[in-house]
Amino acid sequence: MGLFNTMRISASGLSAERLRMDTITSNITNATTTRGEDGKPYVRKIAVFQENLDEAKNLNGVKAVGIVNDESPLKSVYDPTHPDADEDGYVLMPNVNLLNEMADMIAASRAYEANVDTLNASKSMFTKTLELGR
C-alpha cells in the first residue's frame, strides 16, 4: 500500500465521520421536534457506511451508502398541555436519546481525529522522504 492510498483512505474516513457528526447534530437538534413537515415526530437518523473497494478488491477507504431512519419506537410522554397531545394527553416524541447521541458524537470525533493524525503522519513521511533526496 502506498502513501497516497493511505491519504485517500484517511480522507474518505474524514468525509464519512463528518457526515456521521452532521447526522448526530441533526438528531440532537430535533430531539424535541414533535411535528415535522409530514406532521409526524422526528425520527432518529443513522449514517450508514461501507468499505470502498476497487476492481482488484483493494481498499480505497469508506463511502457513505445512505442515511436511514432508526426503527426503534417513538416515545410516548404524558403532557396534556402540549399542542400535539392526543385526546388522552400523550405526545409522541422523537426516538432520540441524548446520552447515546453524545456518546456517538465522542466516538465520531475520536475517529475523525485519528484520521487527521494519520494524514499528518503521511505528510510527515512524505517530507522526510523528500529530505532524503537532497
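Computed from a predicted structure; not experimentally measured.

Asks: Is there a simple way to think about the UniProt feature "domain: Flagellar basal-body/hook protein C-terminal" (unreviewed entry) in the chain in this case?
Replies: In this numbering, the UniProt entry assigns the feature "domain: Flagellar basal-body/hook protein C-terminal" (unreviewed entry) to residues 88–132. In residues 88–132, the share of helix is 78% and the share of strand is 9%. The end C-alpha atoms are 76 Å apart.

Asks: I tried to follow the environment of Leu-19 on my own but got confused; where do I start?
Replies: Structurally, Leu-19 is set in helix 1 (residues 3–29). Considered as a pair, Leu-19 and Leu-92 are 73 residues apart in the sequence and their alpha carbons are 27 Å apart. Not counting the four nearest positions on each side in its chain, Leu-19 is found in contact with Ala-47, Phe-49, Ala-64 and Ile-67.

Asks: Explain the UniProt feature "domain: Flagellar basal body rod protein N-terminal" (unreviewed entry) in the chain to me, please; I cannot follow it from the model alone.
Replies: What UniProt calls "domain: Flagellar basal body rod protein N-terminal" (unreviewed entry) maps, in this numbering, to residues 7–34. Taken end to end, residues 7–34 is 82% helix and 0% strand, and its two terminal C-alpha atoms sit 42 Å from one another.

Asks: Even after reading the chapter, I still don't get the packing of aromatic side chains, so can you show me in this structure?
Replies: Each aromatic ring pair is characterised by the separation of its centres together with the angle its planes make. Throughout the structure, instances matching the rule amount to 1 aromatic pair. With a centroid separation of 5.2 Å and an interplanar angle of 65°, the aromatic rings of Tyr-78 and Tyr-90 are classed as edge-to-face. Note that Tyr-78 is positioned in strand 3 (residues 75–78) and Tyr-90 in strand 4 (residues 90–93), a separation of 12 residues in sequence. Residue classification places Tyr-78 among the exposed positions, given a relative accessible area of 53%. When the ring centre of Tyr-42 is taken as origin, the NZ or CZ atom of Lys-45, which lies over that ring, is 4.9 Å away.

Asks: Would you take a moment to explain the side chain of Arg-44 for this structure?
Replies: Mapped onto the secondary structure, Arg-44 falls in the loop between helix 1 and strand 1 (45–53). Among the polar contacts made by the side chain of Arg-44, one reaches the side chain of Glu-101 at a distance of 2.4 Å. Not counting chain neighbours up to four residues away, the residues in contact with Arg-44 comprise Asn-27, Val-68, Asn-69, Asp-70, Asn-95, Val-96, Glu-101 and Asp-104.

Cut-offs and rules
- Residues numbered from 1 in each chain as written.
- Predicted model: local features only at pLDDT ≥ 70, side-chain atom pairs only at ≥ 80, totals over all residues.
- Heavy atoms only, no water.
- UniProt positions renumbered as here; feature names shortened; annotations may be inferred.
- Helix = DSSP H or I, 4+ residues; strand = E, 2+ residues; numbered from the N terminus.
- Contact = heavy atoms within 4.5 Å.
- Phe/Tyr/Trp six-rings, centres within 6.5 Å; stacked < 30°, edge-to-face > 60°.
- Buried < 20%, exposed > 50% of the residue type's maximum accessible area, 1.4 Å probe, protein only.
- Lys NZ or Arg CZ within 6 Å of the ring centre and 35° of its normal.
- Polar contact = N/O pair within 3.5 Å; in protein donor to acceptor, adjacent residues only side chain to side chain.

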